[in-house]
Structures are given as C-alpha cells and as structure tokens.
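Residue-level listing of the chains:
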Amino acid sequence: MRILIIGSGGREHALAWKLKQSPEVDEIFVAPGNGGTASPARNLPVSDSDVPGLVALAREHGIDFVVPGPELPLTLGVVDAMTEAGIPCFGPSAACARLEGSKAFAKEIMQAAGVPTAACGVFSDKESARAFAAEHGAPLVIKADGLAAGKGVVIAMTMQEIDAALDDMFSGRFGAAGETVLMEEFLRGEEVSLLCFCDGESALPLPSAQDHKAAFDGDKGPNTGGMGAYSPAPVLPDADLGRMADLTVRPVLREMARRGTPFKGILYAGLMITDNGPKVLEYNVRFGDPECQPLLMRLDEDLIGLMRACVDGTLAGRTLRLKPQAALGVVLAAAGYPGSYLKGMEISGIHSAERLASVCVFQAGTRREGDKVFANGGRVLCVTALGEDLADAQKHAYEAMNCISMPDSFYRRDIGAKGLKRLREVK
Ligand code: AMP
Ligand code: GLY
C-alpha cells in the first residue's frame, strides 16, 4: 500500500512513524513534510492547502490511502476531493469539518444534540455584542468564529478587556474568521482531550490525553498550539471513557448523520471538567498536535486497519489494543514562539535521545541538510517517551530532552505536573 500523509508537524512525523510499522504499508509520502518525515517517508513539496495539487500528487504517485493531519485541508474539502477521485481518505468531509472550522456551527450542533457546553451568544456586530456583555458582565470568553491558528480566543476578566477584545475581533484582523463572534460563559476546571475514531455511526475512544496550551511553566504566558501532552490523563480515567463519549461525542455523530453528513475520522472533544460535570469547549476534527505523539506511542495495533474501518464504516464492535504504559511528550520551541521566532539554529543530540529506550523524537519545524537538522518553525520537535506510569514517562522524556541542544530555544519543565498532582491527591 502507498500512503500519502498531508501536513508538516510533529503529528505527521508520528503518523508516518506509526504507519511505517504496518506490514501492509509499502511506501509513505508526506506533503510537504519536515526534516523528520524525510527518512521514514519521502517528502513532496506540495502545500497542505493546495487541494487540487494534492489530488494530482496522489494520482501521480499511485496513492492507495490518504491521511490528512491538520484542519486546513479538511475544512477545504480534501476528503471530498480525494473520494471523488476514487482515493480513500481518512477524515471528515468539508461539511463535517465545519465542527472545527466554525465555532458557531459547533455550538449549534452541540445544542441540537444536547451536549453539555458553556452558555453562549453569537454576534455579527459589535453593538449587540457590547449589549450582551453589559447584561452579563465579566468574565466572558470571546471567540472568533473561524480558524484563527489558536489566536482567536480571548479570556476577558474585566469589562475593559471585553471591550478591547471586541474592538480587536471586529477590526477585521481575523478576516472572514472574525465576522462572527461568540461570547461564552467562563468555565473553571481542568482541561482534557477525548479523541475518538469515528465511522459515521460508531465512536471508538482513545485513552484520554492532556495538552499544555500555555507557553510557559505553571500555565503562564500566551496560548500556543500545545507545548506538551501525556496519556492517560488522571482527570479522565479509562473507566470513564465510554460514559464521556456517550455524553460528548456519540450525540454529535447521531446529529451529523441525521443531517445527512455522517462524521468519519477523528472527532476530538476539548473538555473542561468542572464541578458541574464535563463541558465541551471545542471540537477538533483530527488528531491533536502534540496529543497524537503520546497516543500513537501507546497504540499497540495497526493504525491503517483502524483508519480503514473508519472510512469503510466497519468500526462497530472493535476495541483498541493499547500498551499499558503511560506516554509523555515535551515540545522544544524556538525562542519567541508563539510570537515571531528565530529560524536556522542547528539542533544536536537527536540521535543520542533516540538511542534511549522507549523514546521517539518527533520533528515538527525542522529542515534537514545532509545529516544536519536545523530549526525551521515555532514548535521544533516533540520528545516523547513511554514509562511504567506517568512519573516514569515524564522522567524518560526529560532525560531524552537533556540529550538535545539548540541555541535560542525553550521548553516547559512541568509537562505532566497536573496529572501527577491529581494522582498524589487521590492516594
Ligand atoms: P478553544 O479553541 O475554544 O478550545 O479555546 C482555546 C482555549 O481557551 C481552551 O483550551 C481553554 O483553555 C480556553 N477556553 C475556551 N473556552 C473557555 C470557556 N468557556 N471557559 C474557560 N476557558 C475557555
Ligand atoms: N493541541 C491542540 C490541537 O491540536 O488543537
């Protein structure tokens, strides 16, 4: 089988690493890929947003199965286009990818499906948004409707911050993504990610994972794409996965099917576990990055078989085989990220890190020249390790990170800390 993976992040490196282990897979191509995907796979220089270019590429290379990583090609309809070309493609149609592409649409689906979520108003002009804020008061969470690369959410704790956020959202800075704005009740609690394989009708949950969105230790600093992740997250134990999927994922599958647009692929519910139970903050329609890296290290079966079952609608009755260990990944980022950052720094020590037992270094913003690797993006790589438990996985991941050096870089030292604290409290 010949596979085409779309994207260039750490998630796509992890997908290539995992798919390469399948006896059914002969060759993997990644468009456009990164310094890390160049060796288990072959990189091809086509952008992840060029849907016609990707279809042409898949035809040219005789691709049997396509795996898009990021949300952009999904919202642009890459699954529809590949399917039309007769090439099976893992993921949701454009109609379903709106669950991530439009927060107002996701809210409408959650309300229709009876999924617990924050109370919310949807506005297309500043005056009515201001009137809503005056009525409800601070704090409020203000969100641009469309894709804004993680920058479209503001937690406004005061009326001044609400005003400033509305000025910013309606300033046109987010283009069409900011023409509609959501104002949401502020929720307190611990966040966790629930990802499910979906085949249009059935949902098969992966174990829980926890992302670390803030740039710095102690959840300080600006939000990023994610600075590290681990699985399982003690806040959502394995025993509760089925019940949580019943509450937050399966009703959405039923609602999407009822509308004639059944959801296939990964449905990722971003949850806040509050004192009043779980609430859905958002849906993503793909693997999270970096959640994918620890999750795939724990998956103890052939990924391509699961993906095909989603596309073919044959997931019902399947269970997942998982390694009993925990996994934890730490992201190394370029100084300045998530703002403007430096590029071109040489990275050393990747091989020494990879020689440690149960460690994978998944590359993201990297470029390879001969046997040298250089930084080429904000999130540069994700060092991921398995361990007997969360503490052990954390220890191995940081030992491996210690082998790696790169000028003008930083990483969080507290990935996993929240989970370990919860485990200590339970004891
Ligand atoms: P979203 O893209 O909607 O998941 O929002 C990005 C981040 O903003 C989330 O991961 C949360 O940390 C935070 N957030 C979003 N909505 C809320 C809310 N209603 N209450 C508190 N925090 C929120
Ligand atoms: N790590 C969060 C995301 O992939 O959206």
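Before reading further, recall that the structure is shown in the block above.
Below is a short write-up of the structure.

Procedures and definitions
Residues numbered from 1 in each chain as written. Chains lettered and ligands numbered in written order. Predicted model: local features only at pLDDT ≥ 70, side-chain atom pairs only at ≥ 80, totals over all residues. Heavy atoms only, no water. Buried < 20%, exposed > 50% of the residue type's maximum accessible area, 1.4 Å probe, protein only. Helix = DSSP H or I, 4+ residues; strand = E, 2+ residues; numbered from the N terminus. Pairing = 2+ DSSP bridges. Phe/Tyr/Trp six-rings, centres within 6.5 Å; stacked < 30°, edge-to-face > 60°. Near = heavy atom within 4 Å. Polar contact = N/O pair within 3.5 Å; in protein donor to acceptor, adjacent residues only side chain to side chain. Areas by Shrake-Rupley, 256 points an atom, 1.4 Å probe, with all protein chains shown as cover. Nonpolar A, V, L, I, M, F, W, Y, C, P; charged D, E, K, R; others polar. Disulfide = S-S within 2.5 Å. Axes fitted to C-alpha atoms, helices over the stretch in contact; angles between N-to-C directions. Contact = heavy atoms within 4.5 Å.

To continue, consider the pairing of strand β8 (residues 181-185). When you tally the buried positions in β8, you get 4 out of 5 residues, the bulk of the element. Examined bridge by bridge, strand β5 (residues 120-123) and β8 share 4 bridges and lie antiparallel to one another. Looking at β8, one finds that V122 is bridged to L182. Examined bridge by bridge, strand β6 (residues 140-144) and β8 share 5 bridges and lie antiparallel to one another. In the sheet register, I142 faces β8, and the bridge partner there is M183.

This paragraph deals with unusual backbone geometry. Of all residues except glycine, most have a negative phi; of all peptide bonds, most are trans. The peptide bond linking A31 to P32 adopts the cis configuration, its omega dihedral lying at -5°. In this structure, P32 sits in strand β2 (residues 27-32). In this structure, P290 follows D289 across a cis peptide bond, with omega equal to 25°. Despite not being glycine, D219 shows a phi value in the positive range, around 55°. Within the secondary structure layout, D219 lies in the loop between β12 (214-216) and β13 (220-223). Positive phi, close to 55°, is recorded for S358, a residue that is not glycine. Mapped onto the elements of the fold, S358 is located in the loop between α13 (350-355) and β19 (359-363). Overall, S358 belongs to the partly exposed group, its relative accessible area being 38%.

Right, let's get into the packing of aromatic side chains. Inspection of every chain in the model, using the stated rule, returns 7 aromatic pairs. Centre to centre, the rings of F123 and F132 are 5.0 Å apart; their planes meet at 55°, and the pair counts as tilted. Its relative accessible area of 11% is what places F123 among the buried residues. When its relative accessible area of 16% is taken as the criterion, F132 is described as buried. Geometrically, the ring pair formed by F216 and F410 is tilted, given 5.7 Å between the ring centres and 55° between the ring planes.

Taken together, D211, G225, Y268, N284, R286, G288, D289, P290 and E291 make up all the residues around ligand 2. Between ligand 2 and the protein, one listed contact pairs an oxygen atom with a side-chain N or O atom of N284 at 3.3 Å. Between a nitrogen atom of ligand 2 and a side-chain N or O atom of E291, the distance comes to 2.9 Å. Computed on the free molecule, ligand 2 has an accessible area of 190 Å², of which 88% lies beneath the protein chains in the complex. The residue makeup of the shell around ligand 2, split by class, is 2 nonpolar, 3 polar and 4 charged.

Taken together, 16 residues lie around ligand 1, and K143, E184, E185, L187 and E191 are the ones closest in. A distance of 2.8 Å separates an oxygen atom of ligand 1 from a polar side-chain atom of K143. Here an oxygen atom of ligand 1 sits 3.0 Å away from a polar atom, N or O, in the side chain of K213. Secondary-structure elements contributing two or more residues to the shell around ligand 1 are β6, β7 (153-156), β8 and β16 (277-284). Its residues assigned to classes, the shell around ligand 1 shows 8 nonpolar, 1 polar and 7 charged.

With that settled, consider the pairing of strand β20 (residues 366-369). Bridge count for β20 against strand β21 (residues 372-375) is 4 bridges, and the pairing is antiparallel. Bridge pairing links T366 to A375 in β21. Here β20 hands over to β21 after 2 residues, with G370 in that stretch at a positive phi of 60°.

Moving on, we come to the state of the cysteines. Evaluated as defined, the whole model comprises 0 disulfides. In this model C89 remains outside any disulfide bridge; the closest cysteine sulfur is found in C310, 12 Å from its own. C196 forms no disulfide, and the closest cysteine sulfur to it belongs to C198, at a distance of 5.5 Å.

Reading across from one edge, β5-β8-β6-β7 is the order of the 4 strands in this open sheet, with antiparallel pairing throughout. Looking at the sheet topology across the chains shown, the edges are occupied by β5 and β7. Put simply, the sheet's adjacent strands are angled 20° from each other on average, direction ignored. Along the sheet, helix α6 (residues 103-113) contacts β5, β6, β7 and β8; its crossing angle with β8, the most-contacted strand, is approximately 50°. Sheet strands in contact with helix α7 (residues 126-136) are β5, β6 and β8, and its direction is about 160° off that of β5.

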